[in-house]
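So you can see what is in the structure, the chains are spelled out below.
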Amino acid sequence: MTADIIVLGAGSAGLAAAVTAARQGARVLLLERHGFAGGMGTASLVHTFCGLYQIDGEEPVLANPGFPAEIAERMLHATGARGPVKMGRVWVLMQHPVEFVRIADELLAGSGVEVLFHAEVVSTRKSPEGWSLGIASRGGLIEAACKVLIDTSGDAVLAGMLGGEADLTEPARLQRPAYVFGIQGVTGGESGLQLAGRIVGGVRNGVLPKEALGLHFRASGRVAESFGTIDLSGTEEGDYDPLDAACLTRLERSGRATAAVAIDFLKREAPGWEGAYISHWPVRAGVRESRRWKGRHLLTGAEVLSGASHPDDIALATWPLEFRETNRGPKLRYPESEQPAGIPLGSLIPMGLENVFTAGRCLSCDHEAQASIRVMGTCFATGQAAGMAAALAAKGESPEEAPAALRKAFG
Ligand SMILES: Cc1cc2nc3c(=O)[nH]c(=O)nc-3n(C[C@H](O)[C@H](O)[C@H](O)COP(=O)(O)OP(=O)(O)OC[C@H]3O[C@@H](n4cnc5c(N)ncnc54)[C@H](O)[C@@H]3O)c2cc1C
């Protein structure tokens, strides 16, 4: 298989990158190990688009034009929601993972991206034409070649394969993972606060494990359907490693076991929960932070807080620094500047590699900046920019023109 551009990973960033590059006329192959696109926003049931809108403001104002605005509009249409909702100082758009999968299928088909699901990239090497990839599929190993690569794997997996420069925050400070699952059959009753009180009581009485303290619920927008989210500590020993299969296995088991016992408890104890049941497990536990590329520019938390701009900015970061370094809820730090920080093209260009770009939660930034730029609204924007830069590179033009090309295409 050959393509001008191969996009590795079809999460929010990879979807935006693939669609954008294909719309620029490139032959794009998108490789995804799961059976659908959306990444954390579908496989891990994360159900809110954050970072689409500017902070504050009486009305929601879209931060980044082009793909982020387009997907917001499609999601609003699909869910029938009236619009984004304001939570404190930020506007968020509720999204439904089922609709996200469908919208992604439509966008990919409509833009002519060639897609391979159930295709896990397991090796990458330089070739005379560009890059050659080994892909594990059900029938065995297949090869694909391209001129330009985009790593939107969330884990900077290419860095692992190529020995590229990358970073991973120490286990104790890594943003904690969480387990999101679907619930049906709740017919009303108690508020989130009352349910939290019941859970605390259950833990105190020894009926529930202490992991259940991290559990909270949000209505999905569909009749009698909710999502439960359990913030996990990683591991008891503080050795959380989002790249380690044994550690991820412990997360999956702990998430499922806690969810099952907590829903049984609420069925017995909480009015309106008598007929509740777990309707779906996620494909995988949610990982907020993992390995990040080191690129030509390393975006810092200080830059996000001060509203820094760069000559090669390709998107705006409009989410506060959301720290989840423990499983006891978020700690938010809002930018001091009214002007949102820019994310430069240099953060999408891994050091020392030609014709490789990255985007999404593994782009080049420090732990603090990742606490902002990891949200899906921002991932759509950085993915779009990586797609534009890759399309220019594939045509033999300078990817440095991407900021200007983005302004020309989307204003
Ligand atoms: C519990 C939790 C709650 C969150 N809450 C919110 C929220 O409310 N709002 C918000 O906007 N964001 C939220 N986030 C953050 C957000 O969901 C993610 O940071 C974002 O979705 C990351 O997008 P991405 O495209 O960079 O990576 P991902 O979504 O992780 O996508 C990467 C894709 O690459 C694929 N892949 C990886 N390796 C390979 C390989 N070798 N071969 C083939 N495919 C591969 C994966 O299967 C995946 O589909 C939350 C995250 C978590 C975990």
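Residues numbered from 1 in each chain as written. Predicted model: local features only at pLDDT ≥ 70, side-chain atom pairs only at ≥ 80, totals over all residues. Heavy atoms only, no water.

1. Here's the deal with the site of the ligand
- In the vicinity of the ligand, 34 residues are found, and the nearest of them are Glu32, Met40, Thr48, Arg374 and Met376.
- Between the ligand and Arg33, the relevant distance is 2.9 Å, taken from an oxygen atom to a side-chain nitrogen or oxygen of the residue.
- Separating an oxygen atom of the ligand from a backbone N or O atom of Met376 is a distance of 2.7 Å.
- Protein chains shield 95% of the accessible area of the ligand, which is 1000 Å² for the free molecule.
- Put simply, the parts of the chain that give the shell around the ligand at least two residues each are α1 (12-23), β3 (48-49), β7 (120-127) and α9 (376-394).
- Tallied by class, residues from the shell around the ligand come to 16 nonpolar, 11 polar and seven charged. (Near = heavy atom within 4 Å. Polar contact = N/O pair within 3.5 Å; in protein donor to acceptor, adjacent residues only side chain to side chain. Areas by Shrake-Rupley, 256 points an atom, 1.4 Å probe, with all protein chains shown as cover. Helix = DSSP H or I, 4+ residues; strand = E, 2+ residues; numbered from the N terminus. Nonpolar A, V, L, I, M, F, W, Y, C, P; charged D, E, K, R; others polar.)

2. Some remarks on the sheet that holds strand β11 (residues 178-184)
- The four strands are arranged β12-β13-β11-β14 in an open sheet whose pairing can be described as antiparallel. Unpaired on one side and paired on the other, β12 (215-219) and β14 (277-280) mark the two borders of the sheet. The mean inter-strand angle of the sheet, taken between neighbouring strand axes irrespective of direction, is 40°.
- As paired elements, β11 and strand β13 (residues 225-231) share seven bridges and run antiparallel to each other. Residue pairing across strands places Val180 opposite Thr229, the latter belonging to β13.
- Together, β11, β12, β13 and β14 form the strand contacts of helix α6 (residues 245-269), whose direction differs from that of β11 by roughly 35°. (Pairing = 2+ DSSP bridges. Axes fitted to C-alpha atoms, helices over the stretch in contact; angles between N-to-C directions. Contact = heavy atoms within 4.5 Å.)

3. Points about the environment of Gly221
- By the element assignment, Gly221 lies in the loop between β12 and β13.
- As a C-alpha pair, Gly221 and His96 span 125 residues in sequence and 8.2 Å in three-dimensional space.

4. Brief notes about the packing of aromatic side chains
- Counted by the stated rule, this structure contains seven aromatic pairs.
- Both rings, one in Phe100 and one in Phe380, keep their centres 6.1 Å apart while their planes meet at 70°; by these two values the pair is edge-to-face. Of the two residues, Phe100 sits in helix α3 (residues 97-111) while Phe380 sits in helix α9, which places them 280 residues apart along the sequence. Accessibility classification places Phe100 together with Phe380 in one group, the buried group.
- Ring plane angle 45° and centroid distance 6.4 Å describe the contact between Phe181 and Trp281, whose orientation is recorded as tilted. Residue Phe181 is located in strand β11, and its partner Trp281 is located in the loop between β14 and β15 (292-293); the two are separated by 100 residues in the primary sequence.
- The rings of Phe49, Phe67, Phe100 and Phe380 are connected pair by pair, giving a single aromatic cluster. (Phe/Tyr/Trp six-rings, centres within 6.5 Å; stacked < 30°, edge-to-face > 60°. Buried < 20%, exposed > 50% of the residue type's maximum accessible area, 1.4 Å probe, protein only.)

5. Observations concerning the pairing of strand β9 (residues 140-151)
- The pairing of strand β1 (residues 2-8) with β9 spans six bridges and is classified as parallel. Directly across from Leu8, in β9, lies its bridge partner Asp151.
- Of the pairings in the sheet, the one linking strand β8 (residues 130-137) to β9 comprises seven bridges and is antiparallel in character. Pairing of Gly134 across the sheet is with Glu143, part of β9.
- Turn length for the β8-β9 hairpin, with the two strands adjacent in sequence and antiparallel, is two residues.
- Of the pairings in the sheet, the one linking β9 to strand β20 (residues 356-358) comprises three bridges and is parallel in character.

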